[in-house]
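Understanding the architecture of this molecule
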Amino acid sequence: MRTLGQYIKPYSWRIALQMCVKISGTVIELFLPSMLSIILDEYAPVGNKTGVWVMGLGMVLCAILAWLGNCCANRMSTNVSREITRKLRFDLFSKVTALSAAQQDAVTDASLVSRLTSDTYNVHNMIDRLQRLGIRAPMLLMGGIIVSLLLEPVLTLVLIATLPLLAAITIWSSRKGVPLFTRVQEGQDKMVRKVQENMSGARVIRALSRTPYERDDFGMVNEELAARQRTADLTMAKVSPATSFILNAGLAIVVLVGAYRVHSGASEPGTIIAFLSYFTIILNALLMVTRIFVMYSKGSASARRIEEILHMPVDLQQENGTAAADTEHIVFDHVSFSYNKNYDNVTDLNFRVGHGETLGIIGPTGSGKSTLLSLLMRQYDVDKGEIRIGGKPLKTLTPEELHSRLGVVFQSDFLMADTLRENIRFGRNIADPEIFDAIDCAQASFIHQKEGVLDHELTVRGRNLSGGQQQRVLISRALAGDPRILLLDDCSSALDFRTDRELRHALRDRHGLATTIIVAQRVSAVMAADNILVMDKGHIIGQGTHDELVENCPMYRELCTLQLGGDAA
């Protein structure tokens, strides 16, 4: 909660002003029963109509002032809580985007989405309710008790006797609530993850007739979340009935004792009526306090989950180092890496790529091809060895230095629901002529036939384009920034052979100065590369030109025979 306090601190003066307004309205509200007591006990018995009218108008005025004060204070609290939550959500999103791939894998995307949405919502409600009720409820409670003591000390003792029981219930609820609502949010993470999986794989699920299975699977996740929510709600639901029972029992005793005192002449009827009004105010105030603790339990659990992300350390630290005397553009110097740190996913990767050269990487699924690119982009840090770009160790480059050199097309990339221009520009300052040049190189001439051309709107994930068209838009995005290093991760899998061939020729002719690394399943996509790596189970089992590998690497020769035919190979 300390982190949340840092977000609240800049708004302290606004909260203080809101508290003053809320306190003023609450104090005015506390005058109403006392004024009613004066009318009933002093003015009405003697027939003082003027006094009754004056005091009655005073009650109306106090009610209006109390209403205005509470409305203004509530509006102020809403504005403050909204601003605090907006800044908290923005900083949380900024932190999420700065997490390393390893940290994101550990937390999971579903949990990050849940923390950005439902957790920030719970924190917003907590801050808002604490401002609204956190001042009003204690003021009504303490003010009601003080005025009640002045009116009827004997009856007030009955009320005071219930307070230790109420305090015990409140403390118990707060201790139980936070762990329970933390489990609820963890269940929410699972449900979000399940929804994400089903939404992204909806077409495959329907195509394979897996809808009933996925529905049942979601039902299990949903039932687990409902069970956790039920446990938390039932536990917290015990608070309000228990509080009401104690207060109603106290109210019944007050009525009995009050009737006896009026009958014996120890008290006036107007005083008892006023006291009962104060008792009702105190009862409502205590119920507000219980609601505050329920809301606090939810908000506190969510705040802790948000703090976990905000306090995560920077994983990929920039280090100091000196440039090596490399003449090559990219160097992998005996690099090994493991995702789970139990066994290596890639082992002893050792190769060099010169400036402007093209490196092809081919191998079966799971051989470590995409992992190699992830290490080059420093999404993860290597466990052993070193990667150098332009002679500089990768760890010594700032993110801006590294990413400004890269143009990347991932195996599973995404398009935004925006114009083609914005999807290709992607927030960079790139003029339209450069965009059109990238489009021509990427063989994305279909864009010229689209209504509005660059202003043509894409749907979510570019669903109004074919798979091949999506890939060519993504390649245009990578080429538009004129990168010094171009990374293509199986980006032509949806292209026909002719388009694929023309794309390779255009890349060589127009972007020959860029160092290019092509990851592919097709031999035809890499066979013209200056150097080809053949990978299997995280190892480089072959390295050389196409002709050399056909001669010396059995796996590459087998791939060529299967894909191209023996004579073509």
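Residues numbered from 1 in each chain as written. Predicted model: local features only at pLDDT ≥ 70, side-chain atom pairs only at ≥ 80, totals over all residues. Heavy atoms only, no water.

**Considerations on the overall build of the protein chain**
For clarity, the cut-off: For the purposes of this entry, the term helix denotes a DSSP run of H or I that reaches at least four residues, the term strand denotes a run of E that reaches at least two, and both are numbered from the N terminus. Our radius of gyration is a C-alpha quantity, and the globule rule it is checked against amounts to 2.2 Å times the number of residues to the power 0.38. Contacts were defined at the residue level, with two residues in contact if any of their heavy atoms lie within 4.5 Å. Residue burial considers only the protein chains on display, and all accessible areas are found by Shrake-Rupley using a 1.4 Å probe.
When you go through the protein chain residue by residue, the secondary structure sums to 18 helices and ten strands. Here the protein chain has a C-alpha radius of gyration of 35 Å; the compact-globule value for 569 residues is 25 Å, and the former is much larger. With respect to the three principal axes, the spread of C-alpha positions in the protein chain is 120 × 55 × 50 Å. If you take every contact in the protein chain between residues at least 6 apart in sequence, the share linking residues at least 24 apart comes to 76%. As displayed, the protein chain offers around 28500 Å² of accessible surface, 59% of which is attributable to carbon and sulfur atoms.

**Here we look at the packing of helix α2 (residues 12-46) against helix α5 (residues 109-151)**
This is how it is decided: A fitted line through C-alpha atoms represents every axis, and for helices the fit uses only the stretch in contact; the resulting angles, taken between N-to-C directions, go from 0 to 180 degrees. Left-handed describes a crossing whose near helix is turned anticlockwise from the far helix by less than a right angle; the clockwise case is right-handed.
With their axes 9 Å apart at the nearest point, α2 and α5 run at an angle of 35° to one another. When the axes of α2 and α5 are compared, the crossing they make is right-handed. Note on element contacts: α5 touches α2 through Gln131, Arg132, Ile135, Arg136, Met139, Leu140, Gly143, Gly144 and Val147, opposite Ile15, Gln18, Met19, Lys22, Ile23, Thr26, Val27, Glu29, Leu30 and Ser34.

**A closer look at the pattern of salt bridges**
Note the cut-off: Salt bridge, as used here, is a side-chain nitrogen of Lys or Arg placed within 4 Å of a carboxyl oxygen of Asp or Glu. Accessibility here uses a 1.4 Å probe with only protein chains present; expressed as a share of the type maximum, an area under 20% marks a residue as buried, one over 50% as exposed, and anything in between as partly exposed.
Going through the model one piece at a time under the given rule, you end up with 13 salt bridges. Put simply, glutamate 223 and arginine 230 hold a salt bridge, and the shortest N to O gap is 3.7 Å. The exposure class of glutamate 223 is partly exposed, given its relative accessible area of 45%. You can call arginine 230 partly exposed: its relative accessible area is 42%. With a shortest N-O distance of 3.1 Å, glutamate 422 and arginine 425 are connected by a salt bridge.

**Re the sheet that holds strand β8 (residues 515-520)**
Two modes of strand pairing occur in sheets, parallel and antiparallel, and in both the strands are linked by backbone hydrogen bonds. Put simply, the rule reads: Paired strands are those between which DSSP finds at least two bridges.
Across the sheet, which stays open at both edges, the six strands sit in the order β6-β7-β8-β3-β9-β10 with mixed pairing between neighbours. Among the strands making up the open sheet, the edge pair consists of β6 (406-409) and β10 (539-544). Across the sheet, the mean angle from the axis of one strand to that of its neighbour is 15°, orientation sign disregarded. Both strand β3 (residues 358-362) and strand β9 (residues 531-536) contribute to a ladder of four bridges, which runs parallel. Bridge pairing in β9 places glycine 360 opposite isoleucine 532. Across the sheet, helix α11 (residues 369-376) is in contact with β3, β7 (485-489), β8 and β9; its angle to β8 comes to roughly 150°. Here helix α15 (residues 467-480) sits on the sheet and contacts β6 and β7; the angle it forms with β6, its principal contact strand, is near 175°.

**Regarding α5**
To be explicit about the condition: The length a helix should cover is 1.5 Å for every residue beyond the first. The bend at a residue is defined as the angle formed between two axes, one fitted to the seven residues ending at that residue and one fitted to the seven starting there. A 3.5 Å cut-off defines polar contacts: any pair of N or O atoms within that distance qualifies, except that in protein one atom must be a possible hydrogen donor and the other a possible acceptor, and neighbouring residues in sequence count only when both atoms are side-chain atoms.
Between the first and last C-alpha of α5 there are 60 Å, a value that for 43 residues agrees with the 63 Å anticipated at 1.5 Å per step. Maximal helix bending in α5 amounts to about 35°, located at arginine 115. Capping the start of α5, threonine 108 holds a side-chain oxygen 3.3 Å from the backbone nitrogen of serine 111, two or three residues further along.

**Overview of the sheet that holds strand β4 (residues 384-389)**
Reading across from one edge, β2-β1-β4-β5 is the order of the four strands in this open sheet, with antiparallel pairing throughout. Pairing within the sheet leaves two strands with one partner each, and these edge strands are β2 (346-353) and β5 (392-393). Across the sheet, α11 is in contact with β1 (330-337), β2 and β4; its angle to β1 comes to roughly 115°.

**A closer look at the environment of glutamate 558**
Within the secondary structure, glutamate 558 is located in helix α18 (residues 554-564). Judged by relative accessible area, glutamate 558 falls into the partly exposed class, the value being 49%. Each C-alpha atom, one on glutamate 558 and one on leucine 372, is 23 Å from the other, the two residues being 186 residues apart in sequence.

**Concerning the packing of helix α14 (residues 432-441) against α15**
What counts is decided by this rule: Working definition: roughly parallel below 35 degrees, roughly antiparallel above 145 degrees, roughly perpendicular at 65 to 115 degrees, and oblique for all remaining angles. Each residue is assigned to one class: nonpolar for Ala, Val, Leu, Ile, Met, Phe, Trp, Tyr, Cys and Pro, charged for Asp, Glu, Lys and Arg, and polar for all the others, Gly among them.
Interaxial distance between α14 and α15 falls to 8 Å at its minimum, and their mutual angle equals 130°. With respect to α15, the element α14 is oriented oblique. The hand of the α14/α15 crossing is right-handed. Taken together, the residues of α15 that come into contact with α14 (itself represented by Glu434, Ala438, Ile439 and Cys441) are Ser476, Leu479 and Ala480. Here the residues of the contact of α14 with α15 sort into five nonpolar, one polar and one charged.

**Observations regarding the pairing of β4**
Here β1 runs beside β4; their pairing, made up of five bridges, is antiparallel. Bridge assignment links isoleucine 330 to a residue of β4, and that residue is isoleucine 389. Bridge count between β4 and β5: two bridges; the pairing is antiparallel. Looking at β5, one finds that isoleucine 389 is bridged to lysine 392.

**Focus: unusual backbone geometry**
Located in the positive-phi region is histidine 334, a residue other than glycine, with phi close to 50°. Relative to the elements of secondary structure, histidine 334 occurs in strand β1. With a phi angle near 55°, valine 453 is a residue other than glycine that sits in the positive phi range. By the secondary structure assignment, valine 453 is in the loop between α14 and α15.

**Concerning the nonpolar core**
Applicable threshold: Definition of nonpolar core: a set of buried residues of the types Ala, Val, Leu, Ile, Met, Phe, Trp, Tyr and Cys, connected through side-chain atoms within 4.5 Å.
Core analysis: the largest hydrophobic core is formed by 42 residues, its most contacted members being Ile447, Val473, Leu479 and Tyr556. Take this core: its biggest share by element is six residues, from α15. Beyond its immediate stretch of four places on either side in the chain, isoleucine 447 contacts Leu420, Ile424, Ile439, Val453, Leu454 and Val473. Grouped together as the second largest cluster of nonpolar side chains are 31 residues, Ala101, Leu349, Leu487 and Leu533 included.

**Re the environment of glycine 360**
Position of glycine 360 relative to the elements: it lies in strand β3. Distance from glycine 360 to alanine 525, taken between C-alpha atoms, is 7.9 Å for residues 165 residues apart in sequence. Ignoring sequence-local partners within four residues, the contact set of glycine 360 consists of Ile518, Val526, Ala529, Asn531, Ile532 and Leu533.

**Focus on the pairing of β10**
Across five bridges, the pairing between β9 and β10 is antiparallel. Bridging from a neighbouring strand, isoleucine 532 pairs with glycine 544 of β10. Between β9 and the antiparallel strand that follows it, β10, lie two residues; lysine 537 among them carries a positive phi value of about 55°.

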